[in-house]
Every structure is written in C-alpha cells, then in structure tokens.
Protein chains: 2
Amino acid sequence: MDDRSLLDSIRHLIGEDETADDCAAFDLLDGRILVSSTDMLHETTDFPKGMTEFEKGWMSAAVTLSDIASCGAKPVQLLVAVGLDDPSRLVPFMEGAVSCAKTFGAKVSGGDIDSHIELTVVTTGFGIVEKTHYCRRSGARAGDLVCITGTPGLAMAALEGDERYRKNLLTPIPQVKAGQKIAAAGASSMMDVSDGLSISLFDMSEASNVGFALESAKFNLPDVRAGSAREYYLYGGGDFGLLFCISRERLPALDAEYTVIGKVVGEKGVWCDGEPVEKRGYAHSW
Amino acid sequence: MDDRSLLDSIRHLIGEDETADDCAAFDLLDGRILVSSTDMLHETTDFPKGMTEFEKGWMSAAVTLSDIASCGAKPVQLLVAVGLDDPSRLVPFMEGAVSCAKTFGAKVSGGDIDSHIELTVVTTGFGIVEKTHYCRRSGARAGDLVCITGTPGLAMAALEGDERYRKNLLTPIPQVKAGQKIAAAGASSMMDVSDGLSISLFDMSEASNVGFALESAKFNLPDVRAGSAREYYLYGGGDFGLLFCISRERLPALDAEYTVIGKVVGEKGVWCDGEPVEKRGYAHSW
C-alpha cells in the first residue's frame, strides 16, 4: 500500500476537494486566500545519507515552501516541529530551516520540540495569494499548453552519485518567485513535481479531469549519464520545479523561464509521442 | 536537558517574541490576527497505554485547539501529518481528529501521510482573533486577578489509575468558547495549563515579567485519592484548562466558569500562601 491509496481511504472524512491539492485553502473573505501545507520528513526515509544538519533543515523548509509556491502564493510563515534523538542537532538544523525560509521571504515563527527515536520533522507553512491568482491542480483545460520550470531529473542524478547536482538534491530551490509570476499570468493549474514529473502529471490529470500529450522532442533533458536522461526526467523525484498549464494566449505575459513539453487533451491519461506514459514516481509505502 | 532549555538555544534564530507563546501570530493587516500552533505527539511518550486510535486522533487535535483557544482565537483549520507504522490505523485515528475538530468549529483541511517506525503525529492549527482581543502569555499586570478554568489535576489522577477521570485524560476538551469569552472580556494574558499549573505560572511569570501570589484556600482542588489533591492540582499535566489574568473591574463582564486562585504581584516568581511554589511540570527530556 502506498500513501496515495491510503489517502483515498480518508477522503470521505476530509472531503474530496480538500484532499485534491498539496495545500489547504482558507478564504479570508477579503479577496485573499490563505494557503497552508504540512510535510513530514524523517531520517531513515527522507534524508539522503551524508546530508549535514543544515541541509536537512533547509530541505525541510524547502519542501513546504515549494507547495506554497505551487499555489501562486507568497509564503509568509513557517512552523517547524522537530523530534530529536540527540538535542545537539537542533541548532544547526534550525539554522538551515531559518536560512531557507529567509531566502524565500518567509519567517520561521514557531514550532515544537520533542524527543524521538530518530530525527523527525514536520514543517507547516502559510502563504497568501489573491483569490483571482490562486492556482490548484484542477483547472487545466483541453488546448492549454503543458509547461514546467527547471530541469527534472537532476536530483535523481545526484541521488545516483552525480556530484555535479549535489545541491539540486540537498539544498533544493523552491520556485517561489516563478510560482507567483505563473499564477499572475493566469495559469489554469499548477503543482510542484517533487514526486516526479510522471506521477505529478497523473495527479493533475485526475484533479483536472483532462489528459496530457507530451512531445519528447520538447523535453529539456538533463545532462546525465548515458541512457538515464529520459528515465530521470519522467520518474525522478526530489526536483522542485513547477508543472503548470496555461492557454497559448496568456503565455507571452509570463516573465519566467519555462519549457513547453506538450498540450492538454480531453481524455484522462498521460501520453508521450502518442504512447502511454507509465504512472510511477516517489511514494511512501508500507 | 529538557525542551524548555533546548528552546533557549534557538531563540536567537527565531526571535524572543516569536518563541514566547504557544501560538505564532501573523497580522492580517485588517484588524485580525492569524494565530497558528503546531504540536508533535508520538506513541511511546505522549499517548497513555490503552488509548484507542480514535482517542489518539482526538487528543492530537485537542492539544492544538487548546493552544489556539488560549489566544482567544476562533479555530478554523487543522492540518494533520501522520507517520504510521501500520497503515490500518489511519482511518480510526483520523475519525478521532476530525470529530474533535468539528466539535470545536474547525475543519481538518489537509495533512501529510508518511511511513514511520512508530505512530507520530503533528497537528497544526490556525485560528483568527480580532487584534484587540488577542491574548498572549505576556501582558499580566500587577494587581490583576489570577484565574483558571476547569479543575487542574484530573488528567493526572486518571493517569494514576482513577477511572472516573479517564475522559479528562483521553478525550480532553479544549476551552475554545471560554477562551474567546475571556479574551473578549479583556484578559491581560492567557495560556493553557496542559504542562501543569505550576510550570505554566512560571512560563507566564517569565513572559509577563510579573509574579503570582496564590491562595490555597481558593483552590478548587480535585476529588482524588487522599493526600494527592494539591500535588495533582499544581504539578499534574494533561488538563486543558486556561490560566488567565484579568483586572478586577473587567471580571464581571466575563460570562464563563472560572476560579480566582490569587493575584498578580510585581516581583517575578510564584508563591502560595507566601511560600515559594516549586517550578515543575511536564517536559520532554533527553
């Protein structure tokens, strides 16, 4: 069983709409939406070996800031709950979290400290976005272009030992500015690809009730070891790029770097050059 | 080392003001404050033996709702991050969390699911309070009355085996309505006593730079086994009552049940009938 099927088992308790995105939304009833997101990470499954405490702190903040960015929101605050096996880890860990938050305009404003068997972190972040700009996984329309920011696959390459991309894996850069620009330009849907491009496309397909026809000739494949580029690009997790859909007419207004990789089609599913793409990516499993 | 001294080691990173309360605050700049709080609980240290999954879910929501209540805020949303050793625990656990949230006017709007060595939960909640009503641990003034809601010590009695108070320990009731009424009546400071009354008084003394002179004759001692009432009352954790200070003039406007237990004095510290009270309560330690 993986975390996606487990989530299915509690949708009736929380709501279909509420479980469809990485962020929860709260209408401030003054034209603004408060978005929030929470992420649990822990030593044995989420932090690659050899990471410093600072990098673990940075990554913990970055995963949540990335979710907030994917709504088009401006992050404002982070809360960091830390379960520690060794209390001396706290200071360098929090230096990393605070540094990442500051870099992207947010403030670590609180948290909780607990003793635990292993380092366990839950970072919760809040952001604010104008209601008219708020982006979700749903909303993609047939005919829209499918676009991404960044180069998927670099974090996976680092995980497989490519030292050139070590920073992509260990101190990832949430696309906070790009997210706000994409939302302001009028994207119809957006999410981050931290679980991998393929699985993210399937998630968006489900939420938007559309499909995606990709063209491999348009892929900005990563410069990685021979034979791995397409695999890393489609299925590697850990990259913090944004996947978004937008109408052709609105694209010229977008002042951000992006790659168009295909278009939205009416039928649910994901295809590349006409062939079905495998539904696979990062997932927790039991 | 305990969690209070560990928090001291990161105050320079987060800010003195930000680490002084159980909730973080964000000014919505329209007369409202968004308060938020996050709490980590896990099987081996936080859930008494014999609890059902439902009760664990309820308690996880309740601890956070209690923090939000202590600011005088109306809780609106909860995010629940759950690390599971066994995925079949999720549904009954979430039923408890959702039930507690609903009972107190909040909505579970999202979360995260992870695999973990042991059940580990981080609940993060948001609430909204008018700026003029927002209560903190700081703000108590010499001459104010010191008051509490509820009967401290009942959860401790249950932990020691008194079955009459099992519900107080396992499905605690956050004082959400009372918190809003106390704040609206103009309390100068407020916090919950979930770590115990004594340690909470010391925390408030530090934050408000005042002291507390308690009168034992005013204590609403719990009906517990002989010789334990005062110990449980002052030092037992797990109760979700509110501790607040308020001027004598404002008290008549307060439409809630409370007990006046003493008064605020200028010198920092906590005394009972003139004798120093021991600084002790619930703490995580390594």
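Rules of the game
- Residues numbered from 1 in each chain as written.
- Chains lettered and ligands numbered in written order.
- Predicted model: local features only at pLDDT ≥ 70, side-chain atom pairs only at ≥ 80, totals over all residues.
- Heavy atoms only, no water.
- Core = buried A, V, L, I, M, F, W, Y, C linked by side-chain atoms within 4.5 Å.
- Buried < 20%, exposed > 50% of the residue type's maximum accessible area, 1.4 Å probe, protein only.
- Helix = DSSP H or I, 4+ residues; strand = E, 2+ residues; numbered from the N terminus.
- Contact = heavy atoms within 4.5 Å.
- Phe/Tyr/Trp six-rings, centres within 6.5 Å; stacked < 30°, edge-to-face > 60°.
- Lys NZ or Arg CZ within 6 Å of the ring centre and 35° of its normal.
- Pairing = 2+ DSSP bridges.
- Axes fitted to C-alpha atoms, helices over the stretch in contact; angles between N-to-C directions.
- Parallel < 35°, antiparallel > 145°, perpendicular 65-115°, else oblique.
- Left-handed = near helix turned anticlockwise from the far one by under 90°.
- Nonpolar A, V, L, I, M, F, W, Y, C, P; charged D, E, K, R; others polar.
- UniProt positions renumbered as here; feature names shortened; annotations may be inferred.
- Salt bridge = Lys/Arg side-chain N within 4 Å of Asp/Glu carboxyl O.

Colleague: Help me get a handle on the nonpolar core, residues and values and all.
Modeller: In this structure, Val82(A), Leu90(A), Met94(A) and Val108(A) are the most contacted members of the largest nonpolar core, which totals 44 residues. Looking at this core, the elements with two or more residues in it are α4 (53-69), β3 (74-84), α5 (90-103), β4 (107-115), α6 (154-159), α7 (166-170) and α10 (229-235) of chain A together with α2 (11-14) of chain B. The contacts of Leu90(A), once residues within four sequence positions are left out, are Val82(A), Leu84(A), Ile113(A), Leu6(B), Ser9(B) and Ile10(B). Formed by 43 residues, the second largest nonpolar core is a distinct cluster that contains Ala61(B), Ala62(B), Met94(B) and Val98(B).

Colleague: Residues and numbers for the packing of aromatic side chains, please.
Modeller: For any pair of aromatic rings, the description rests on two quantities: the centre-to-centre distance and the angle between the ring planes. All names here are of chain A. Counting across every chain of the model gives seven aromatic pairs over all chains. An angle of 75° between the planes, with centres 6.2 Å apart, marks the rings of Trp58 and Phe104 as edge-to-face. One end of the pair, Trp58, is in helix α4; the other, Phe104, is in the loop between α5 and β4, and 46 residues separate them in sequence. Exposure remark for Trp58: the relative accessible area of 9% places this residue in the buried category. When the ring centre of Tyr235 is taken as origin, the NZ or CZ atom of Arg280, which lies over that ring, is 3.8 Å away.

Colleague: Residues and numbers for the sheet that holds strand β1 (residues 24-27) of chain B, please.
Modeller: Residue and element names in this part refer to chain B. What the five strands build is an open sheet, ordered β1-β2-β5-β3-β4; its pairing is mixed. Strands at the two margins of the open sheet, each flanked by one partner only, are β1 and β4 (107-115). The sheet shows a mean angle of 15° between the axes of neighbouring strands, taken without regard to direction. Bridge count between strand β3 (residues 74-84) and β4: eight bridges; the pairing is parallel. Bridge pairing in β4 links Leu84 to Ser115.

Colleague: Please set out the packing of α4(A) against α5(A) residue by residue, giving values where relevant.
Modeller: Residue and element names in this part refer to chain A. Where α4 meets α5, the closest approach of the two axes is 6 Å, and the angle between their N-to-C directions is 40°. Taken together, the axes of α4 and α5 lie oblique to each other. Viewed along their axes, α4 and α5 form a crossing whose handedness is right-handed. Note on element contacts: α5 touches α4 through Pro92, Phe93, Glu95, Gly96, Ala97, Ser99, Cys100, Ala101 and Thr103, opposite Glu53, Phe54, Lys56, Gly57, Trp58, Ser60, Ala61, Ala62 and Leu65. Looking at side-chain class alone, the contact of α4 with α5 contains 10 nonpolar, five polar and three charged residues.

Colleague: Explain the UniProt feature "domain: PurM-like N-terminal" (unreviewed entry) in chain A residue by residue, including any values.
Modeller: Using the residue numbers shown here, the UniProt feature "domain: PurM-like N-terminal" (unreviewed entry) corresponds to residues 21-129 of chain A. The distance separating the terminal C-alpha atoms of residues 21-129 of chain A is 15 Å; by composition the span is 32% helix and 41% strand.

Colleague: Outline the sheet that holds β3(A), supporting the account with residue identities and numerical values.
Modeller: Strands belonging to one sheet form pairs held by backbone hydrogen bonds; the direction of such a pair is parallel or antiparallel. Residue and element names in this part refer to chain A. A sheet is described by the order of its strands in space; here five strands give the open sequence β1-β2-β5-β3-β4, paired in mixed fashion. The outermost strands of the open sheet, each flanked by one partner alone, are β1 (24-27) and β4. Within the sheet, the average angular offset between the axes of one strand and its neighbour, ignoring direction, is 15°. Sheet contacts for α5: β3, β4 and β5 (120-130); angle to β3, the most-contacted strand, approximately 165°.

Colleague: Run through the interface of chain B and chain A, naming residues and quoting values.
Modeller: Each partner contributes residues to the interface: chain B has 59 residues there, and chain A has 59 residues. Where chain B packs against chain A, one counts two salt bridges. In this structure, the salt-bridge partner of Asp30(B) is Arg32(A), at a minimum N-O distance of 3.6 Å. Per-class residue counts for the side of chain B that touches chain A are 30 nonpolar, 17 polar and 12 charged.

Colleague: Go over the pattern of salt bridges, please, and point to the residues and values.
Modeller: Pairing between side chains of opposite charge can happen when the charged atoms of each approach one another. Residue and element names in this part refer to chain A. Summed over the entire model, instances satisfying the criterion amount to 44 salt bridges over all chains. The salt bridge partner of Lys131 is Asp27, with a shortest N-O separation of 2.5 Å. Of this pair, Lys131 sits in the loop between β5 and β6 (145-148) while Asp27 sits in strand β1, placing them 104 residues apart in sequence. Its relative accessible area of 45% is what places Lys131 among the partly exposed residues. Overlapping salt bridges bring together Arg4, Asp22, Arg137, Asp195 and Asp203 as one network.

Colleague: Run through the side chain of Asp203(A), naming residues and quoting values.
Modeller: Tracing the chain through its elements places Asp203(A) in helix α9 (residues 197-208). Ignoring sequence-local partners within four residues, the contact set of Asp203(A) consists of Arg4(A), Arg137(A) and Met191(A).

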